[in-house]
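# Notes for the structure review
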Amino acid sequence: MEGKLRIFDLASRQLELYPNLTMFSSKTNDEWKSITTEEFLKKVNAISKGLIELGVKPNEKVGLIAESSVEWHIIDFAIQQIGAVVVAIYPNITDTDYQYIFNDAEIRLTIVSSKSLYKRIINLKDSIYSLKYVFCIAKDDEVRNWSDIVDIGLKVSDQRVQELKDQILSSNLATLIYTSGTTGKPKGVMLSHDNIIANVRSAEEITPCKAYDRGLTFLPPCHAYERMVIYTYMYIGITVYIAESFEKIGQNLLEVKPNIMTAVPRILEKVYEKIMKKGHDLQGMKRNIFDWAVSIGEKYDPNPEQRSFAYNIKLALARKLVLDKWYEGLGGSLQTVASGSASLQSKLARVFLAARIPIYEGYGMTEASPLISVNHYLKGTRVGTVGLAVKDVQIKLADDGEILVKGPNVMMGYYKNKEETDKAIIDGWLHTGDIGIWVDEKFLKIIDRKKELFKISGGKYVTPQPIEKKLVESRFIEQAMVVGDGMKFASAFIVPNYAHLLDWAKSEDSSLVHLAKEEFFKQDKIIKKINQEIRLANQHFGNWEQIKKPMIIPEEFTIEGGELTPTLKLKRKVILEKYKTEYDRLYQNEND
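What this report covers is the structure whose coordinates are included nearby. Quick caveat, the model's predicted, so the values are computed rather than measured.

The rules behind the values
Residues numbered from 1 in each chain as written. Predicted model: local features only at pLDDT ≥ 70, side-chain atom pairs only at ≥ 80, totals over all residues. Heavy atoms only, no water. Phe/Tyr/Trp six-rings, centres within 6.5 Å; stacked < 30°, edge-to-face > 60°. Helix = DSSP H or I, 4+ residues; strand = E, 2+ residues; numbered from the N terminus. Axes fitted to C-alpha atoms, helices over the stretch in contact; angles between N-to-C directions. Parallel < 35°, antiparallel > 145°, perpendicular 65-115°, else oblique. Left-handed = near helix turned anticlockwise from the far one by under 90°. Contact = heavy atoms within 4.5 Å. Nonpolar A, V, L, I, M, F, W, Y, C, P; charged D, E, K, R; others polar. Pairing = 2+ DSSP bridges. Expected span 1.5 Å × (residues − 1). Patch = residues over 30% accessible without salt bridge, like charges linked within 9 Å, V, L, I, M, F, W, Y side chains within 5 Å. Areas by Shrake-Rupley, 256 points an atom, 1.4 Å probe, with all protein chains shown as cover. Salt bridge = Lys/Arg side-chain N within 4 Å of Asp/Glu carboxyl O. Buried < 20%, exposed > 50% of the residue type's maximum accessible area, 1.4 Å probe, protein only. Right-handed = clockwise from strand over helix to strand, strands pointing away. Polar contact = N/O pair within 3.5 Å; in protein donor to acceptor, adjacent residues only side chain to side chain.

This paragraph deals with the packing of aromatic side chains. Applying the stated criterion to the full structure yields 17 aromatic pairs. With a centroid separation of 5.7 Å and 35° between ring planes, the pair formed by Phe24 and Phe40 is classed as tilted. With Phe24 in strand 1 (residues 22-28) and Phe40 in helix 2 (residues 37-53), the pair connects residues that are 16 residues apart, well separated along the chain. An aromatic cluster is present here, built from Phe24, Phe40, Phe77 and Tyr231 joined pairwise through their rings.

It is worth spelling out the packing of helix 4 (residues 95-105) against helix 5 (residues 115-123) at this point. Two elements in contact, helix 4 and helix 5, have axes whose closest approach is 11 Å; the angle formed by their N-to-C orientations is 65°. By the angle between their directions, the pair helix 4 and helix 5 is classed as roughly perpendicular. Relative to helix 5, the crossing made by helix 4 is right-handed. Taken together, the residues of helix 5 that come into contact with helix 4 (itself represented by Asp95, Tyr98 and Phe102) are Leu117, Arg120 and Ile121. Partitioning the contact of helix 4 with helix 5 into residue classes produces four nonpolar, no polar and two charged.

Attention now moves to the sheet that holds strand 14 (residues 371-374). With mixed pairing, the nine strands of this open sheet are ordered in space as 2-1-10-9-11-12-13-14-15. Edge strands, defined here as strands with exactly one partner in the open sheet, are strand 2 (31-36) and strand 15 (388-389). Two strands pair when backbone bridges link them, and strand 13 (residues 359-364) and strand 14 are joined in this way by three bridges, in the antiparallel orientation. If you follow Gly362 over to strand 14, its bridge partner there is Val374.

Let us now look at helix 2. The terminal C-alpha atoms of helix 2 lie 25 Å apart, and with 17 residues this matches the ideal 24 Å at 1.5 Å per residue to within 8%. A positive phi of about 90° marks Gly55, the residue just after helix 2.

Judged by side-chain polarity, Trp292, Leu317 and Leu321 come together as a nonpolar surface patch covering roughly 250 Å² of accessible area. Positionally, Trp292 belongs in helix 12 (residues 284-297).

Structurally, Thr463 can be placed in the loop between strand 23 (461-462) and helix 16 (464-471). Look at Thr463 and you get buried, because its relative accessible area is 17%. Aside from chain neighbours lying at most four places away, what touches Thr463 is Ile447, Asp448, Leu453 and Glu545.

Bridge count for strand 9 (residues 214-217) against strand 10 (residues 239-242) is four bridges, and the pairing is parallel. Considered in strand 10, the bridge of Arg214 is made with Thr239. Of the crossover connections in this fold, the one passing from strand 9 over helix 9 (residues 224-236) to the parallel strand 10 is right-handed.

For the rest of this paragraph, the subject is the side chain of Asn497. Take Asn497: it is sitting in the loop between strand 25 (491-496) and helix 17 (498-508). Within the structure, the side chain of Asn497 is placed 2.8 Å from the side chain of Glu478, a separation counted as a polar contact. Separated by 3.3 Å, the side chain of Asn497 and the backbone nitrogen of Ala499 make a polar contact. In this view, Asn497 contacts Glu273, Arg475, Phe476, Ile477 and Glu478; residues no more than four positions away in its chain are not counted.

Attention shifts here to the environment of Leu216. Looking at where Leu216 falls in the secondary structure, it is placed in strand 9. Through-space distance from the C-alpha of Leu216 to that of Ser25 is 9.5 Å; in sequence the pair is 191 residues apart. Ignoring anything within four residues of it in the chain, the contact list for Leu216 reads Tyr233, Tyr241, Ala243, Ile249, Leu253, Val256, Pro258, Ile260, Met261 and Thr262.

What is shown is where atoms sit, not what they do.
This is the structure we're talking about:
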């Protein structure tokens with residue numbers, strides 16, 4: 001079965017190689033419940049039969065809108081193995097995006113996770129011309145449950161399922177993943193079985209884990225990154241534990257003691273903030289020791305030859321007194337934490353690595369199935385880079401620094417959109433839209449999105465991402481978005497870290513802590529403190545890149561508020577429009 005694998009073959013391959021493996025484990029009523037590969041396959045086949053009876057045909061697009069769950073993966077395989085195409089959709093996008101995706105993909109049948117999603121889609125039925133069936137994973141008297149699909153398919157034979165499976169080529173379209181649409185309408189990325197399996201084999205080569213190890217997942221599997229990683233777990237024979245929620249991730253880590261997990265920088269920042277908050281609650285000598293250990297961690301270099309003998313002695317002590325407790329707090333068994341989707345703060349990466357938390361930052365995009373490059377244990381790590389090209393993937397930089405990618409992982413194209421496909425793939429090279437440079441001639445470093453670069457009126461280019469990354473290294477700044485296209489100077493929307501500023505205010509001016517949040521941010525002492533932090537960040541940049549007259553935004557950018565994509569990237573156009581009044585007011589006075 002090692003030849004031309006289809007994605008759904010991963011389950012039967014796992015059963016053949018690791019017959020006693022627990023495939024998935026998830027919590028029900030505070031208890032971890034397991035499902036074997038054999039049980040998983042029986043459920044997959046039962047859903048496949050129901051879909052056949054409901055008239056789902058090969059190459060038909062079937063919607064799947066759900067959070068991470070065992071059911072998500074059962075449905076995913078059930079759709080694929082009858083030759084239909086999985087359209088995996090985020091549960092937290094807008095109604096407008098749902099309408100566009102459903103109509104573009106001509107979805108006739110969809111399965112959703114919750115009653116609220118079920119009702120949302122039903123209410124959109126009048127504007128979705130193709131939709132006929134909606135099923136819900138959660139049980140409720142007011143919804144049509146997904147178990148009905150099993151009942152509908154009882155008369156369909158196993159032979160019929162096998163006949164359809166036998167017709168599917170590894171080169172066939174397996175899934176449509178619609179991009180977040182930060183710059184217009186979402187585009188449907190077409191990925192074949194070959195595309196994703198090539199990426200799985202690339203990922204397997206650089207994963208230090210082995211069969212019967214434990215992986216913890218909490219990112220949505222509709223995200224190309226998490227989905228490919230879970231397929232990789234299946235390929236290696238790693239049991240997949242599904243976390244209850246981000247709020248319970250700390251508890252789940254201690255229960256599962258995973259060997260591997262994935263994360264996005266925003267989540268790692270939240271974990272770091274929680275640790276730092278506990279440290280700052282300490283008093284006297286304990287607080288001093290904590291701060292010293294963190295300062296040692298911030299200077300850590302993962303390459304042993306770059307660390308002095310004196311530093312290594314300090315590091316050993318910092319680990320013994322403080323940092324090793326961080327690793328134990330994450331279960332004490334982690335061999336890999338794969339970070340992707342956005343840029344990871346270098347300071348944060350260094351401290352986690354110093355604490356033996358093996359964070360490996362990588363780079364990818366949905367159009368590349370998604371993995372392109374990664375730091376890893378085999379060939380070394382360079383903090384601040386996204387590592388080396390993975391197996392079978394070529395990377396080169398265009399004259400303007402744009403990252404170009406070629407390999408078996410590059411998408412088939414954009415669905416019904418030849419014009420955009422031809423812009424993205426030229427002579428077999430995927431044009432990523434990201435600007436990069438080489439570090440030590442082989443490690444890739446992302447500078448910024450090509451479309452996000454802008455010129456100030458003096459003609460100098462500003463690259464927002466490195467500036468934003470440096471700004472949020474301050475514990476007093478939660479989020480930052482650099483602005484100023486065509487203007488005299490660069491500025492930024494700054495979302496302060498309310499909790500840390502409150503702690504700071506207790507010792508500086510206790511009268512401030514009783515103010516309402518919005519009023520708190522308007523106080524001169526708070527504004528002055530934020531400006532101090534910005535001046536520290538400005539020291540790392542040229543005069544034209546430095547942030548002047550920052551605008552304080554009291555509310556955090558969120559997915560629900562429409563300011564972040566489902567993968568937690570800034571929706572710059574949306575944020576600019578939302579705070580247009582503040583922006584216009586700032587630049588109307590730019591000659592003051």
